[in-house]
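Coordinates in review
Letter by letter, the chains look like this.
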Amino acid sequence: MSYRKNPISKILQNVVATTANGAALDCSEYSALGVQITGITSATITWEVSNDEANWVGILGAPSTTGTGALTATANGLYIFDVSAIKAFRARISTHATGTIYVTAFMKM
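First, a word on what this report is: a plain description of the structure on this page. Quick caveat: nothing in here was measured; it's all calculated off a predicted structure.

Let's shift gears to the nonpolar core. Ranked by internal contacts, the top residues of the largest apolar core, which has 26 residues, are L33, I37, I45, W47, F81 and F89. Among the elements of the structure, β1 (8-16), β3 (32-50), β7 (77-82) and β8 (88-108) are those that each provide at least two residues to this core. Sort the elements by how many residues they give to this core and β3 lands first, with eight residues. Not counting residues within four places of it along the chain, the set of residues in contact with I37 comprises I45, W47, A73, A75, N76, G77, Y79, I101, Y102 and V103.

The subject of this paragraph is unusual backbone geometry. One can expect most non-glycine residues to show negative phi and most peptide bonds to be in trans. In this structure, V15 takes a positive phi of about 55° despite not being glycine. For V15, the location among the structural elements is in strand β1. Residue V15 is classed as exposed on the basis of its relative accessible area, which comes to 53%. Despite not being glycine, E53 has its phi angle at roughly 60°, a positive value. Exposure remark for E53: the relative accessible area of 40% places this residue in the partly exposed category.

Now for the pairing of β7. Consecutive side chains along a regular strand alternate between the two faces of the sheet. Pairing geometry for β3 and β7, over six bridges, is antiparallel. Paired with G34 across the bridge in β7 is I80. Bridging between strand β5 (residues 62-63) and β7 involves two bridges; their strand directions are antiparallel. What sits directly across from A62, in β7, is I80.

Its location among the elements puts T44 in strand β3. Under the relative-accessibility criterion, T44 is labelled buried at 18%. At 2.9 Å, the side chain of T44 forms a polar contact with the side chain of T95. Among residues more than four places away in sequence, those in contact with T44 are T72, A73, T74, R92, I93, S94 and T95.

Mapped onto the elements of the fold, G77 is located in strand β7. Overall, G77 belongs to the partly exposed group, its relative accessible area being 22%. Spatially, the C-alpha atom of G77 lies 7.6 Å from that of S64, the residues being 13 residues apart in sequence.

Conventions used here
Residues numbered from 1 in each chain as written. Predicted model: local features only at pLDDT ≥ 70, side-chain atom pairs only at ≥ 80, totals over all residues. Heavy atoms only, no water. Core = buried A, V, L, I, M, F, W, Y, C linked by side-chain atoms within 4.5 Å. Buried < 20%, exposed > 50% of the residue type's maximum accessible area, 1.4 Å probe, protein only. Helix = DSSP H or I, 4+ residues; strand = E, 2+ residues; numbered from the N terminus. Contact = heavy atoms within 4.5 Å. Pairing = 2+ DSSP bridges. Polar contact = N/O pair within 3.5 Å; in protein donor to acceptor, adjacent residues only side chain to side chain.

Listed below in structure tokens is the structure:
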């Protein structure tokens, strides 16, 4: 019998109206990540990953509508990531002019 980690959901940014790093998500036992953004009107979310949770670098996220990877998001939507070799993920609000942003993540094996 193999061990299978249950899917999880986590809030990364909770009704934020300023720039913010947000919560880091432990991805070490998962391979797929979906992130949903709501509330953006004029802001940029930068997708970042780290294997030591001190040094963060960009990761490509693909919008579910186009499948074309990007390091940032400027619109509401669902974005898909491969996190199979990643320890931690965050959705950093790197610029903000207007909007109250909510970002949730869902991970599974």
